[in-house]
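In case you want the letters, here they are:
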Amino acid sequence: MTLREILEGSAAETPGVDVGTDDDGATAWSLGGTVFARLSADGSTASFLLDAIVANAAARTPDVKRSRRGDGWVEMTPKVVDRHVYDRARAWFLSGHRRLTGPGL
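Everything quoted here is computed from the prediction, not taken from an experiment.

For the rest of this paragraph, the subject is the packing of aromatic side chains. The geometry of an aromatic ring pair comes down to the distance between the two centres and the angle between the two planes. What the rule picks out here adds up to three aromatic pairs. Ring centres 5.0 Å apart and planes at 65° place the aromatic pair Phe 36 and Phe 93 in the edge-to-face group. Of this pair, Phe 36 sits in strand E3 (residues 34-39) while Phe 93 sits in helix H3 (residues 83-101), and the two are 57 residues apart along the sequence. Across this residue pair, the class does not change: Phe 36 and Phe 93 are buried. A ring pair is formed by Phe 48 and Trp 92, whose centres lie 6.0 Å apart and whose planes are at 65°; its orientation type is edge-to-face.

Conventions and cut-offs
- Within any chain, residue numbers begin from 1 and follow the written order of that chain's sequence.
- With the structure being a predicted model, the display of local features is reserved for residues of pLDDT at least 70 and the display and counting of side-chain atom pairs for 80 or more, all residues being used for whole-chain, interface and lining totals.
- Calculation of side-chain values draws on the structure's entire complement of heavy atoms; hydrogens and water are dropped beforehand.
- The pairing test for Phe, Tyr and Trp rings, Trp by its six-membered ring, is centres within 6.5 Å, and the orientation test on the planes gives stacked under 30 degrees, edge-to-face over 60, and tilted for anything in between.
- Helix and strand labels come from DSSP, where a helix needs a run of H or I of at least four residues and a strand needs a run of E of at least two; each type is numbered from the N terminus.
- Only protein chains enter the accessibility calculation, which uses a 1.4 Å probe. A residue is then buried if its area is under 20% of the maximum for its type, exposed if over 50%, and partly exposed in between.

On their own, these measurements won't tell you what the molecule is for.
Shown next as structure tokens:
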């Protein structure tokens, strides 16, 4: 499994998500014009826009750091895509989406 497969699978479960390509070739998932997840052009790094408390916890997990994209953004560059990476990437994609739609939507 790849980061792309994880994010594309998660996107298929989230209503209203648009997908596009940034100027640098990265894939970007957005809702209402706000990007909440990105995958680098080479597929090695996934970035997520999260609530501050989630982003702070995420930044303390393996292969994750705060992103230069700004507050709430973290980026994951796993050496191996295992079950733990799958779980985190999927959860953060869904969390980023939920952050824009509100609870229960």
